[in-house]
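Now for the letters of each chain:
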Amino acid sequence: MTTVTAARDAVVPRAADRPARERPSVAATAILLVGAAYCLLPVVWVVLAASKSSAELFSTLTFVPSLHLFDNIAELSTYRQGLFWRWMLNTGLYAGVGAALSAVVSAMAGYALAKYSFRGKASVFNVLLAGVLVPGVILAIPQYLLLAQVGLTNTYWSVLLPSVISPYGIYLARIYAAAAIPDEIVEAARTDGAGELRTFVQVAMPMMTPGLVTIFLFQFVAIWNNFMLPYIMLGDDRLFPLTVGLSGLLNQGASQPAMYTLVVTGALLSIVPLVALFLLLQRFWQVDLAAGAVKA
Amino acid sequence: MTEPITQDAPDRRAAAARRPASAHVLELPPSTEARRRGGRLLGRHAAPWAFLAPAIVLFALFLAAPIGYSVYLSFRTEKVSGLGLGPGSRQEVWNGVANYVSAVADAEFLASVGRVALYGLLVVPVMLGSALLFALLLDARRTRARRFGRIAIFLPYAVPAVISSLLWGFLYLPGVSPFYWVFERLGWSVPSLFSSHLVMFAVANIAIWGGIGFNMVVIYTSLRSIPSELYEAAELDGASQVGIAWRIKIPIVLPSIIMTFVFSMIATLQVFAEPTTLRPLSNSISTTWTPLMKVYRDAFTRGDLYSAAATSVIIAVATFVLSFGFLRLVQSRAFGQEER
């Protein structure tokens, strides 16, 4: 529960945040650092490996850096007239537009489920919640078949549209709405004559914003990382996102190892945007899957 | 639009915009005119449905319809008459449960289920155990470098499964891997992780690497919401940090752990991207290495949509039974308390 946690952190300094008087624990710190090293290892490797020419990649210890990073980037940029950068833009488009629409749709549904009582509410929520448990990837093939019937496969729409619905986003939005919007405020807005839509747009939405940013980010990452849906839907490599494009490059690398340098450089460039997004928006990266269960 | 926006005088709106959102609402002008009108386009009874409409429509189109269509296809098959060349020689007909019968009897499918079960037994406990451990370490006062640790361990979440498979794939590949470079200098002969015995661990490691951070943050978020008074008393009584973690913190965050378990289980059953990406690097990964890879192969390489549909329905039902069964088992702790 982003909002609640953030607000409380601001007022009540927790024991863990106080300057510690106890001596630091060597064992605890060491275990944490081992974990951090394990998680950083492949990332450090790709940074160094991307700096090597393809001859060096196979002949030298890959933890020794070299000077060919910009040559490699230039070479990757010329690969089929900058196809790689087109994949990057496609990925940004799928993830950015898809996640924004998803956050809005989830916010509306979550607000309705949290702040209204109406007949069928429990059933609607349960059906949507069941959607969380539906193995999303299994949907990709029938989605392909259905979109094929309306001629939408192998278009931007075929990846974008199925990405907008996020049962998990709705579930989170409901929790955020329930926690962040007091009933009295909704009532007050109504008493003051605001319509339902206006109450939502001008009163509820601003209060839900931190939660919506979190929903946006999680959906953004989910779409950015998605592989199977675009892999199935798209045939034209000019529509590919990075994941599908790089996986195809790796396939070619199996027969011509010179491609490996391009794959490694592409892998490095493709994680830069998300890592940047992470570091910039750190405070939104907290999520309580079972929120509501631990409060009270 | 339900509300003529113009009834809000421009200066009021500007003033409202300068105020924080929560104060704003109290300043809305009482619009008696609107109340007199009574009926609005979006009445109080229609409103929730209007807000739910986009979600319901999208849910129907991209979740419910595909599921329904899969189920339908799974009971159908294609009948070929003659040489199957002329128009009308291929016909879709009902096939009863025959697709299901052949799916569950399929040796490749059973082998892939066995692999996924083993893979899940490897991935889920190791991943969630590490996530819990790191979350507790981040929450412990005496740990140093917590900020760095949190960012570093969460970082893999920013790396798509395809890219992380690619990175680890190179780290496993004897020609490129720095580890094998060192092993070689030391004169050790270390078997390739891509050999058929070890490839399971190679794939599992990628999933564990990618999943620890997210689950750690989920558990850490819920650890942070424990009021510290709850364990300060125990501290005064001389309880150790490990004791506090076991007896106080873990029981309180159990609902979060349960949810991460369910989501991890679902993700495990769907494993597809990692082995598919590793395939060009390893001969040990067949096209039917996981159930979903088999579905993909049946549908797109063989063009047999009907048995692919039956197999995917089986996977979906199994996922449902497992996750709902598990939630039922622990229900009172995870869901339902929100309603109070």
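All values derive from a computational prediction rather than experimental measurement.

### Concerning the interface of chain A and chain B
Reports often express the size of an interface as the amount of accessible area lost when the parts come together. The partner chain B presents 130 residues to the 129 residues of chain A that form the contact. Around 11,600 Å² of area is buried between chain A and chain B when both sides are counted, 74% of it from carbon and sulfur atoms. On the surface where chain A and chain B come into contact, there are zero salt bridges. Linking chain A with chain B are seven residue pairs in polar contact (both at pLDDT 80 or more), by the criterion used here. In terms of residues, the side of chain A that touches chain B owes the most to one element, helix α2 (residues 26-49) of chain A, which gives 15 residues. Class assignment for the residues of the side of chain A that touches chain B results in 92 nonpolar, 21 polar and 16 charged.

### Focus on the pattern of salt bridges
Residue and element names in this part refer to chain B. With the rule as written, the count across this model stands at 13 salt bridges over all chains. In this structure, R297 engages D298 in a salt bridge whose closest nitrogen and oxygen atoms are separated by 2.9 Å. In this structure R297 comes out as buried when scored by relative accessible area, which is 8%. Counted as one network, the salt bridges with shared partners bring together D106, E108, K294, R297 and D298.

### Things to note about the nonpolar core
Grouped together as the largest cluster of nonpolar side chains are 182 residues, with contacts concentrated most on W45 of chain A together with F170 of chain B. Ranked by the residues each element gives to this core, the list is headed by helix α10 (residues 199-224) of chain B, at 17 residues. Both domains that furnish three or more residues to this core are identified here as domain 1 (23-67) and domain 2 (69-284) of chain A. In this structure, L133 of chain A together with V262, I266 and V330 of chain B belong to the second largest nonpolar core, which totals seven residues.

### Observations regarding the confidence of the model for chain A
Residue and element names in this part refer to chain A. In this model, chain A carries a mean pLDDT of 84, and residues with pLDDT of at least 70 account for 86%. Taken element by element, chain A is modelled with least confidence in helix α1 (residues 2-11), mean pLDDT 38, and with most confidence in helix α5 (residues 83-115), mean pLDDT 96. Across residues 1-13, where pLDDT falls below 50, the model places 21 contacts with residues more than four positions away in sequence or in other chains. When the criterion is pLDDT under 50, residues 290-296 qualifies, and its contacts beyond four places in sequence or with other chains add up to 17 contacts.

### Here's the deal with the packing of helix α9 (residues 167-180) of chain A against helix α11 (residues 196-225) of chain A
Packed helix pairs are specified by the crossing angle of their axes together with the interaxial distance, meaning the distance between the axes. Residue and element names in this part refer to chain A. Two elements in contact, α9 and α11, have axes whose closest approach is 9 Å; the angle formed by their N-to-C orientations is 160 degrees. The angle between the axes of α9 and α11 places the two elements in the roughly antiparallel class. Classified by chirality, the crossing of α11 by α9 is right-handed. Counted together, G169, L172, A173, Y176, A177 and A180 of α9 and M207, M208, G211, T214 and I215 of α11 form the full contact between these two elements. Along the lines of polarity and charge, the residues of the contact of α9 with α11 split into eight nonpolar, three polar and no charged.

### A closer look at a nonpolar patch on the surface
All names here are of chain B. A cluster of nonpolar side chains, V182, L186, W188 and V190, forms an exposed patch at the surface whose accessible area comes to about 370 Å². Checked against the element boundaries, W188 lands in the loop between α9 (178-186) and α10. Taking relative accessible area as the criterion, W188 reaches 52% and is therefore assigned exposed.

### So, the side chain of D139 of chain B
Mapped onto the fold, D139 of chain B is located in helix α6 (residues 107-139). In terms of polar contacts, D139 of chain B uses its side chain to reach the side chain of K249 of chain B, at 3.0 Å.

Scoring rules and cut-offs
Residues numbered from 1 in each chain as written. Chains lettered and ligands numbered in written order. Predicted model: local features only at pLDDT ≥ 70, side-chain atom pairs only at ≥ 80, totals over all residues. Heavy atoms only, no water. Contact = heavy atoms within 4.5 Å. Buried area = accessible area lost by both parts, 1.4 Å probe. Salt bridge = Lys/Arg side-chain N within 4 Å of Asp/Glu carboxyl O. Polar contact = N/O pair within 3.5 Å; in protein donor to acceptor, adjacent residues only side chain to side chain. Helix = DSSP H or I, 4+ residues; strand = E, 2+ residues; numbered from the N terminus. Nonpolar A, V, L, I, M, F, W, Y, C, P; charged D, E, K, R; others polar. Buried < 20%, exposed > 50% of the residue type's maximum accessible area, 1.4 Å probe, protein only. Core = buried A, V, L, I, M, F, W, Y, C linked by side-chain atoms within 4.5 Å. Domains from an automatic or database assignment. pLDDT = per-residue confidence, 0-100. Axes fitted to C-alpha atoms, helices over the stretch in contact; angles between N-to-C directions. Parallel < 35°, antiparallel > 145°, perpendicular 65-115°, else oblique. Left-handed = near helix turned anticlockwise from the far one by under 90°. Patch = residues over 30% accessible without salt bridge, like charges linked within 9 Å, V, L, I, M, F, W, Y side chains within 5 Å. Areas by Shrake-Rupley, 256 points an atom, 1.4 Å probe, with all protein chains shown as cover.

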